[in-house]
Amino acid sequence: MKKTLLIFFAISALFSFDAIAQNGFCGMTIEEQLVIKERMMQNRANAANSVQVRTGVMWVPIQFHILEDNDGGNRVDAIKVIEMLCALNEDYLDQDIQFYMKDEFNMVQSTSVNANPNIGGANNNPFAQSVMVGEKVLGAINIFITKDIPGDFGQTLGFYSPTFDWLVLRRSVVSAPGVETLTHELGHFFTLPHPFLGWDGEPWDEDIHGNPAPINSPGGPKTELVNGSNCTFAADGFCDTKPNYLFGFSWANCNYTGNCLDPNGVEVASGVQEANYMAYFTGCASEFTPEQKAAIAADLDSRTSLHTTLDPDLTPFTETATQNFPIDGEETPLYNIVGFDWEPVAGATSYLVEIDRQPTFSFDPSLKFVSSGTYVEFEGVFDPNKTYYWRVKPLKEGNVCTGDVVSTSFKTGTVTGVREIKEVLNYTISPNPISAKESLNINIETNQAFDAVINVYNLSGQKIKEVNATFGHGTTNHQLSVSDLSEGMYIISIESENGVLTEKIVVTR
Ligand SMILES: [Zn+2]
């Protein structure tokens, strides 16, 4: 056992600490777990006096904070975060707990925090505290997703901070298949220690600790006995989580068969719960015990700031978003400002639009949430004359788990546009939507007269019509007939020597 572990450490040190990370280290210290254990014991005492009965599903808000480097790089892919949230909800469904995104992703730019979100301890990054405290929101579970989480044994997967009451996840574990990490860290958030509490970072090893195992764990707490006589206080304090002295560490499968004896000399292996979310058997986790669930429920009941009245529309989306422009490699009129247009999806309350150089959206994706309309512009993220990909996902509050993502390619043009005309103080283009029988009023207030060309483009970027206009000093109203336009969406582009104003309009019958 010892030899295996040493070799394991040596290989990891030589090549990558990720090997340990993938093996399932969470970054919570024994001291931090003793804090949550204390809270769990308090909740248990309180719950004994008042039986809480939950009626139906409780919807719990989560605020995701996505860290990125100062140049915008090294951030997690947003769609993976959503997929992880959906997988998380499957893990908590039998407890009538479901999580939803309180607000859109909070993008946090800091190379320093992205590389090290630890506050205190051996890997302290003092700068992280000022950033993260500033970003934390009330009334939600705060989850920070960072590139790295340095730990005592290389990178850790994630941790819950009892001091700051937030979770940190490493972006490499953000995926639906890897959701057991978040399920586990939320277990800590809701007061669950590791079932092997006290053996953290030092798995039982016959050569080091002896067999039978010692009465006290290396970290201090009592070693849990097979006969259950100390289960209410030893290790994690739960009686239905059986003795576990960190057997999952470096164990290769989901059936522990080691020869460990508890301090009374009783064989331990047959009781080990490899499937417990709070154990370290990587890839084996699928359940909480009833006592763990009771502790989660009691802690959630005590956290009234997380209680909401959300009653989400869970009807699945029956359609995907049809992308209008740009699609199938179409070239955009400008490259520095690119507008994206799609058809509304029945039931969607917002959309997530993502852009990247790679069709896998794994290079350096940019994203925007769009909560009104079905058009969005991205500015300053493109190079000219390059192929990009964009995709759109419909969302509903509390329900981000249905609605397929659709994706297409486009090519940026070579022309730079300026969003504003510098002489223009104010402008309105109305009505919008407009019936073909009406005239469009282009009302511009300017501090200097200028000549302009008013171009009308369809969503494929083709120019439909072109009109010359002069806007005098003060306020000028120019009427533009749309009787020659068929039903649909158009871009009105007012172009002068000093810049461009663009506006999307909808023409109806
Ligand atoms: Zn943990």
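To keep things clear, this report deals only with the structure shown in the data block. (Residues numbered from 1 in each chain as written. Predicted model: local features only at pLDDT ≥ 70, side-chain atom pairs only at ≥ 80, totals over all residues. Heavy atoms only, no water.)

Topic: the coordination of the zinc ion
Put simply, the rule reads: Note that water is not among the atoms used; donors are N, O and S atoms within 2.8 Å of the metal (3.2 Å for Na, K and Ca), so sites may look incomplete. Each label reflects the angles at the metal, where four donors whose angles all fall between 85 and 135 degrees are tetrahedral, four or six donors whose opposite pairs open beyond 155 degrees and whose other angles stay between 65 and 115 are square planar or octahedral respectively, and the rest are irregular. Here the term buried applies to any residue with accessible area under 20% of the maximum for its type, exposed to any over 50%, and partly exposed to those in between, with areas from a 1.4 Å probe on protein chains only.
Protein coordination of the zinc ion is provided by Cys26 (SG), His184 (NE2), His188 (NE2) and His194 (NE2), with donor distances spanning 2.0 to 2.2 Å. Seen from the zinc ion, its four donor atoms lie at angles of 98 to 123 degrees, and the figure they make is tetrahedral. Positions of the donor residues of the zinc ion, expressed as sequence spacing, correspond to C-x157-H-x3-H-x5-H. The exposure classification of His188 matches that of His194, with both residues buried.

Some thoughts on the sheet that holds strand β9 (residues 323-325)
Strands in a sheet are paired, the pairing made by backbone hydrogen bonds, and the direction either parallel or antiparallel. So the rule is basically this: Being paired, for any two strands, means DSSP has found at least two bridges between them. Here a helix means four or more residues in a row that DSSP labels H or I, a strand means two or more in a row labelled E, and each is numbered from the N terminus. Orientation is described by axes fitted as lines to C-alpha atoms, over the contacting stretch for helices, and by angles from 0 to 180 degrees between their N-to-C directions.
On the basis of which strands lie adjacent, the open sheet formed by three strands has the order β9-β11-β14 and antiparallel pairing. Of all the strands in the sheet, the pair left with one neighbour each is β9 and β14 (375-379). Strand-to-strand twist across the sheet, computed as the mean angle between neighbouring axes with direction ignored, equals 30 degrees.

Description of the nonpolar core
Under the convention used in this document: Side-chain atoms within 4.5 Å link the members of a nonpolar core, which is a set of buried Ala, Val, Leu, Ile, Met, Phe, Trp, Tyr and Cys residues. Contacts were defined at the residue level, with two residues in contact if any of their heavy atoms lie within 4.5 Å.
Membership of the largest hydrophobic core comes to 83 residues, with the highest contact counts inside it found for Phe64, Phe99, Phe105, Ile141 and Leu186. The element that contributes the greatest number of residues to this core is helix α4 (residues 78-92), accounting for ten residues. Beyond its immediate chain neighbours, meaning those up to four positions away, Phe105 contacts Gln63, Phe64, Ile66, Ala78, Val81, Ile82, Leu367 and Phe369. By size, the runner-up hydrophobic cluster in this structure holds 23 residues, among which are Phe471, Leu485, Ile492 and Ile494.

Digging into unusual backbone geometry
The omega torsion across Ser430 and Pro431 is -10 degrees, close enough to zero to call that bond cis. One can find Pro431 in the loop between β17 (424-430) and β18 (434-435). In the segment running from Asn432 into Pro433, the intervening peptide bond is cis, with an omega of 5 degrees. By the secondary structure assignment, Pro433 is in the loop between β17 and β18. At Phe361, a residue that is not glycine, the phi angle is positive and equals roughly 55 degrees. Structurally, Phe361 is set in the loop between β12 (350-356) and β13 (366-370). On the basis of relative accessible area, Phe361 is assigned to the buried category, the value being 2%. With a phi close to 55 degrees, Asn385 is a non-glycine residue in the positive phi region.

Some words on the pairing of strand β2 (residues 97-101)
Here β2 lies mainly inside the structure; five of its five residues are buried. Here β2 shows no split at all, with Ile97, Phe99 and Met101 on one side and Gln98 and Tyr100 on the other all buried. Pairing analysis gives five bridges linking strand β1 (residues 58-68) to β2, with the strands arranged parallel. Looking at the pairing, Pro61 lines up with Tyr100 of β2.

Quick look at the packing of aromatic side chains
The geometry of an aromatic ring pair comes down to the distance between the two centres and the angle between the two planes. In plain terms, the rule: Only Phe, Tyr and Trp rings are paired, with Trp represented by its six-membered ring, and only when their centres lie within 6.5 Å; those with planes under 30 degrees apart are stacked, over 60 edge-to-face, the remainder tilted. Two thresholds decide whether a charge sits over a ring: the Lys NZ or Arg CZ must be within 6 Å of the ring centre and within 35 degrees of the ring normal.
One pass over the structure, following the stated rule, counts 26 aromatic pairs. When the centroid spacing of 5.2 Å and the interplanar angle of 65 degrees are considered together, the rings of Phe105 and Phe369 count as edge-to-face. Residue Phe105 is located in the loop between β2 and β3 (106-109), and its partner Phe369 is located in strand β13; the two are separated by 264 residues in the primary sequence. Taken together, the ring pairs in this structure connect Phe340, Trp342, Tyr351, Phe378, Phe382, Tyr388, Trp390 and Phe410 into an aromatic cluster. Between the NZ or CZ atom of Arg303 and the centre of the ring of Phe189, over which it lies, the distance is 3.7 Å. The ring of Tyr388 carries Arg357 above its face, with NZ or CZ at 5.3 Å from the centroid.

Brief notes about the environment of Tyr256
With respect to the element layout, Tyr256 can be found in the loop between α8 (206-209) and α9 (290-302). A relative accessible area of 6% places Tyr256 in the buried class. Residues Tyr256 and Val268 lie twelve residues apart in sequence; the distance between their C-alpha atoms is 9.6 Å. Among all residues touching Tyr256, those that are not within four sequence positions of it are Trp204, Phe247, Trp251, Ala269, Val272, Glu274 and Phe281.

Thoughts on the packing of α4 against helix α7 (residues 180-189)
Between two packed helices, what matters for the description is the angle formed by their axes and the separation of those axes. Selection criterion: Should an angle fall under 35 degrees it is called roughly parallel, over 145 degrees roughly antiparallel, and 65 to 115 degrees roughly perpendicular, with every other angle called oblique. A clockwise turn of the near helix away from the far one marks a right-handed crossing, whereas an anticlockwise turn of less than a right angle marks a left-handed crossing. Each residue is assigned to one of three groups, with Ala, Val, Leu, Ile, Met, Phe, Trp, Tyr, Cys and Pro labelled nonpolar, Asp, Glu, Lys and Arg labelled charged, and all others, Gly among them, labelled polar.
Packing of α4 against α7 brings their axes to within 9 Å, and their N-to-C directions diverge by 60 degrees. One element, α4, and the other, α7, form an angle in the oblique class. Considering the relative orientation of α4 and α7, their crossing is right-handed. Along its contact with α4, which presents Met84, Leu88, Asp91 and Tyr92, the element α7 presents Leu182, Thr183, Leu186 and Gly187. Class assignment for the residues of the contact of α4 with α7 results in five nonpolar, two polar and one charged.

Topic: the environment of Thr257
When you line up the elements, Thr257 lands in the loop between α8 and α9. When the C-alpha positions of Thr257 and Thr428 are compared, they lie 74 Å apart, and in sequence the two are 171 residues distant. Filtering out sequence-adjacent residues up to four positions away, Thr257 remains in contact with Trp251 and Ala269.

Overview of the side chain of Asp148
Selection rule: In protein, a polar contact requires one atom able to donate a hydrogen and another able to accept it; more generally it is a pair of N or O atoms within 3.5 Å, and residues adjacent in sequence count only if both atoms are side-chain atoms.
In this fold, Asp148 is placed in the loop between β4 (141-146) and β5 (150-151). Residue Asp148 is classed as buried on the basis of its relative accessible area of 14%. Looking at Asp148, its side chain comes within polar contact range of the side chain of Arg170, at 3.2 Å.

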